[in-house]
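Coordinate inspection notes
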Amino acid sequence: MKPSLLLFLIWFAWGFRAHAQVMTLTGAVTDSSQAPIAGATVVLLRQADSVLASFGSTHASGQFSLRRVQPGSYVLQISLTGYSSYRAPLALAAGTTTFNLPPVVLYPTDYTLGTVDIEAEQSPILFKKDTLEYNTGAFPTQPNASVEDLLKKLPGIEVDADGTVKAQGETVQRVLVDGKEFFGQDPKIATRNLQAEAVKKVQVFDKKSDAAEFTGIDDGQREKTINLELKEDRKKGTFGNVSGGYGTADRFTFKGNVNRFRPGLQLSGIGMLNNVNQQGFTFQDYFQMMGGMRSIGGGRAIIRLDGSDANATGLPLTNSSASGFVTTGSGGLNLNYDISPKTSLSTSYFASGVQRIEDETVYREQIAGTSPFTTDEHNTQDNRWYNHRLTSTLRHEDSVQQLTLRLRLGWNETDRTSLSDRTVTSPEGLLQNTSSTTQTQTGTRGDGQLSLNYQRKLSSNGRNIGVEGTLEGLFNRQAVDYTALNTLYPKSGSAITDSLHQDQSQEEEQLVYGATVTYTEPLKKWGYLQLSYGYEQTEDVVDRQVYDLIPDRTLNTSLTNIYERLYAYQRTGASVYRSRGKNTWRAGTYLQRSDLTGDLISLQDTISRQFTNILPSLSYTRQFANTHELEVEYTTRVNEPSLTQLQPVIDNSDPLNLYAGNPELRPEYAHNLRVNHHLFDQFSFMSLFSMLQVTYTEHKIVEATTIDSLFRQIRTPVNVDQDVQVTGFSSFSTPVRPLKIRLSLNANATYNRGIAYVNAVDNTVNRLTASGTLQADNRKKDKVDLSGGVTLSLSRAAYSTSTTANRTFVNQQYFADAVLRPYPNWSLRSRLSWNIYGGQTFEANPSVALLSAGVTRYLYKQRIALELSGNDLLNQNQGISREASLTYVEETRTVSLARYFMLTLTYNLAGANADKGPRMMMVRPM
């Protein structure tokens, strides 16, 4: 789509807003003593039919302003609980742009204002201090839809194909239910297992630390969080649903959630079993476990389970989660219980098991000198993963102190079998080497964390002291049976064949402990001063044993290694916090001294390094209005090298791809600047969310690659400077009332300037990924719910030295969704996603059209839903992912779940119309 066309559409939408003559109505509200009244509701109703024309509320000064009001006859209504209401006719004549009302006086009364039914369009978004709140009634979903389906409709919120939720461009790290934890800190368990119809409001905010929430003094710690506020009828009683389905090709699915809530108690149970590639949780535990296997076993270390890469370091060009054949089973219980008014307990247990079978082909172009060489792979894998997780939080809080105790325990087991065939070809098209590998891998991982946070107020004016301690431990045991047959093809002479059969095992143990003490002193009326001191120590031990099984079982001393690492740091500093009116800012500086020690026991060698860094931080927030906010934040951080990166031992498990650590590595030092801008017009319902983040990293750790004449590789981590990454996000949404549609535009861009070393050549790499989505949907969704749009994505990788390897990709996605409700108990749905992949790197640029459809019959007051659905009706599904790193561009295609039909029965425990209480009836003013 050309930029000129996009600008025209935005101009076209805004043009309708200025079609009619409008004016601004202003006034003030006071009490009988002429003191201003804040928070009074001001409603302007059309006199002819009492339909809402405009609304607002009074500020702290008692003043209000209603904008874009058309000339005509109205009724002005002003109300506030505890005061008598004001109601008077009002005639607004044309010919003026501002109409000033005389002050309105409200008188106290013991009479509580009764319920008032206002017919109007719901205000979909509100700002409440640092919280962005969505009214779910303005974003209707299908019966039995999940919270994830609801989030996809909210402006400024994106949901990736793998279920990762991003709000204003940042990944959501936690989802709460009525302010309480729901199965620990895995957002997907809440978004994919809870019903959208149970949620009244979706609140997005940056969750502060326990200390900051208790004392009210910001310490700079943040977690992007979503809170799901439930409807009143769901806070008392039982709700949930269960569904089961069976289809062609022996496809099946079962899913259920039961929630029993009452004041002081939340009890939830969830379960899932299917073989249709659906997961209701995150695979982070699996990735952490497999990360420890990077140096064990040859071949590919990247494991894709839900569309993301365990060890990916590149920028994704496209991403598909619909790959492979996945069977999933999971279940768990969650309990939130208020033991007393001051003490609460939150605990959960969750178990899951996954089997993923995949058959994939990989094409890679990798930098070597001035021209890229190519690698073709064919991989088959059978991955099995079993996980148990227990989390618990005990909290006690009164007027002077807060105590929070957290416990997390995890247990994981893996079983993986993989076969791989790889061929490497020179830039001239000559065969250089081939490799065939077989790998059987089993592993066990256990981890635990215990943390204690105690905060105490020493006075009523803001003097506080806080102590936080943590203790963590883990062990990770892996065993691999690895077989490889490698063949080299030199320019002269006959081919060279080398076979390898090894028994590899690795055990890792880690212990982390530390404590932080903070003291806060009020600075009279100016603000607060916070002093802190923290210490943390990490102890790692890795024992790697490798035995060659050809011709006999013999210990390979060059690969066997026992390595110990100790990383400790002390951090001390001060910060100043000030909040006045609409402005809040915080500035701080910390001094961190780090000590890194490593002992290579097998080589009788020791590494000892010390580093001192100054870590400044600065943040500023400006609240222009209740619906307009600007945030600016600058932070710094230190990232230490991993144990694998430090070991100076060559890993030749795969003789064609060697890896050696670097004991001279320095920790990374990163500067991060982030700017957030939020704007919502409560009268026009226009929203604009923007985010810009710039990260500059000193001593960035990257891999330097050496490639010999037969294209065998040796990779070693090194430090480089001048690594810059810029990320931008913007989301714009506005109704176009004459067309009765809502128009939205989302844009994302990531730019990275890094350094790649190939054969000692310094190659500056500039990588850019950018995408934009233009979408339109109808606003009246009673009978028909339509949406459609287009996503264009651009990816480019440019190299300063290897210019012939420069690549540009332009991909297109066209999508359309339709839901028809011809009768109250019937619903029809369909979705079309047409993906067109472009780019000159890959031999074939596919076009994949995915079409699904279903028809649903609702029974028993819509508590039962019977659906017949068809998935991938065009039978074109395949998993396609593309990735650009500093040294290569790669495409992976995976055989995936194809066309099937399924009959599903769903039973709603609460019913679709459970909420019988008073509520607003909404129609849209013209």
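Residues numbered from 1 in each chain as written. Predicted model: local features only at pLDDT ≥ 70, side-chain atom pairs only at ≥ 80, totals over all residues. Heavy atoms only, no water.

Regarding the overall build of the protein chain
- When you go through the protein chain residue by residue, the secondary structure sums to six helices and 51 strands.
- When burial is assessed residue by residue, the protein chain has 48% of its 926 residues classed as buried.
- Contacts in the protein chain between residues far apart in sequence, at least 24 positions, make up 66% of those at least 6 positions apart.
- Total accessible area on the protein chain stands at roughly 41500 Å², and carbon and sulfur atoms take up 56% of it. (Helix = DSSP H or I, 4+ residues; strand = E, 2+ residues; numbered from the N terminus. Buried < 20%, exposed > 50% of the residue type's maximum accessible area, 1.4 Å probe, protein only. Contact = heavy atoms within 4.5 Å. Areas by Shrake-Rupley, 256 points an atom, 1.4 Å probe, with all protein chains shown as cover.)

Quick word on the packing of aromatic side chains
- Inspection of the entire model under this criterion finds ten aromatic pairs.
- Ring centres 5.0 Å apart and planes at 80° place the aromatic pair F182 and F183 in the edge-to-face group. One exposure class covers both F182 and F183, and it is buried.
- For the ring pair Y814 and W834, a centre distance of 5.8 Å and an interplane angle of 40° mean the geometry is tilted. One end of the pair, Y814, is in strand β45 (residues 807-820); the other, W834, is in strand β46 (residues 826-836), and 20 residues separate them in sequence.
- On the accessibility criterion, W834 (38% relative accessible area) is partly exposed.
- The ring centre of Y888 lies 3.9 Å from the NZ or CZ of R364, which sits over that ring. (Phe/Tyr/Trp six-rings, centres within 6.5 Å; stacked < 30°, edge-to-face > 60°. Lys NZ or Arg CZ within 6 Å of the ring centre and 35° of its normal.)

Quick word on the pairing of strand β22 (residues 325-340)
- Of the strand pairs in this sheet, strand β20 (residues 265-274) and β22 are connected by ten bridges, and their pairing is antiparallel. If you follow N274 over to β22, its bridge partner there is T328.
- Bridge analysis of β22 against strand β23 (residues 343-368) gives 15 bridges, and the strand direction is antiparallel. Its bridge partner lying in β23, F325 is registered against I357.
- Taking the residues that link successive antiparallel strands as the turn, the β22-β23 hairpin has two residues. (Pairing = 2+ DSSP bridges.)

Side note on the pattern of salt bridges
- Taken as a whole, this structure holds 30 salt bridges when the rule is applied.
- With a closest N to O distance of 3.2 Å, R715 and E703 form a salt bridge. In this pair, R715 is assigned in strand β40 (residues 713-720) and E703 in strand β39 (residues 700-707), connecting sequence segments twelve residues apart.
- Exposure remark for R715: the relative accessible area of 21% places this residue in the partly exposed category.
- For E703, a relative accessible area of 25% puts it in the partly exposed group.
- Through salt bridges that share partners, R174, E181, E223 and R406 make up one connected network. (Salt bridge = Lys/Arg side-chain N within 4 Å of Asp/Glu carboxyl O.)

So, unusual backbone geometry
- In the segment running from I550 into P551, the intervening peptide bond is cis, with an omega of 0°.
- Here the phi dihedral of K861 falls at roughly 55°; this positive angle occurs in a residue that is not glycine.
- Relative to the assigned elements, K861 resides in the loop between β47 (847-859) and β48 (864-871).
- Overall, the relative accessible area of 72% leaves K861 in the exposed class.
- Phi is positive for D872, close to 50°, though the residue is something other than glycine.
- As for its position among the elements, D872 is in the loop between β48 and β49 (879-884).

Concerning the environment of L511
- Within the secondary structure, L511 sits in strand β28 (residues 496-522).
- Between the alpha carbons of L511 and E472 there is a distance of 5.8 Å; along the sequence they are 39 residues apart.
- The residues contacting L511, other than those within four sequence positions of it, are L471, E472, Q537, T538 and E539.

A look at the side chain of T520
- Mapped onto the secondary structure, T520 falls in strand β28.
- Looking at T520, its side chain comes within polar contact range of the side chain of Q530, at 3.2 Å.
- Ignoring any residue separated from it by four or fewer positions in sequence, one finds T520 in contact with I217, G462, R463, N464, Y528, L529 and Q530. (Polar contact = N/O pair within 3.5 Å; in protein donor to acceptor, adjacent residues only side chain to side chain.)

Regarding the sheet that holds strand β12 (residues 165-167)
- If you walk across this open sheet you meet the three strands as β11-β12-β13, and the pairing is antiparallel. Edge strands, defined here as strands with exactly one partner in the open sheet, are β11 (157-159) and β13 (170-171).
- Here two bridges tie β12 to β13, and the two strands are oriented antiparallel to one another. Bridging from a neighbouring strand, K166 pairs with T171 of β13.

Examining the pairing of strand β51 (residues 900-908)
- The side-chain alternation of β51 yields one buried face, formed by Y900, M902, T904, T906 and N908, and one unburied face, formed by F901, L903, L905 and Y907.
- As paired strands, strand β18 (residues 237-247) and β51 are joined by seven bridges and run antiparallel to one another. Note that in β51 the partner of G244 across the bridge is L905.

Looking at the nonpolar core
- In terms of nonpolar packing, the biggest core is built from 40 residues, with Y134, L151, L154, I157, V202, I226 and L228 touching the most fellow members.
- Filtering out sequence-adjacent residues up to four positions away, I226 remains in contact with L151, V165, V172, R174, V175, L176, V202, Q203 and V204.
- Counting residues in each nonpolar core, the second largest holds 21 residues, with V720, V765, Y799 and V889 among its members. (Core = buried A, V, L, I, M, F, W, Y, C linked by side-chain atoms within 4.5 Å.)

Digging into the side chain of T343
- Tracing the chain through its elements places T343 in strand β23.
- Taking the relative accessible area as the measure of exposure, T343 reaches 16% and is therefore buried.
- Excluding its chain neighbours within four sequence positions, the residues that come into contact with T343 are Y337, D338, L394, R395 and H396.

Describing the environment of L485
- Tracing the chain through its elements places L485 in strand β27 (residues 464-488).
- Using a relative accessible area of 44% as the deciding quantity, one classes L485 as partly exposed.
- Separated by 170 residues in the primary sequence, L485 and P655 have C-alpha atoms spaced 9.9 Å apart.

Things to note about the environment of S392
- Looking at the secondary structure, you find S392 in strand β24 (residues 371-397).
- Sequence separation between S392 and S346 is 46 residues; the distance between their C-alpha atoms is 5.5 Å.
- Aside from chain neighbours lying at most four places away, what touches S392 is L345, S346, T347, L405, R406 and L407.

Let's talk about the confidence of the model for the protein chain
- This prediction gives the protein chain a mean pLDDT of 83; 87% of its residues lie at or above 70.
- Across residues 111-121 the pLDDT falls below 50, and counting only partners more than four positions away or on other chains, this stretch makes 25 contacts in the model.
- pLDDT under 50 marks residues 911-926. Its contacts with residues more than four places away, or in other chains, come to 28 contacts. (pLDDT = per-residue confidence, 0-100.)

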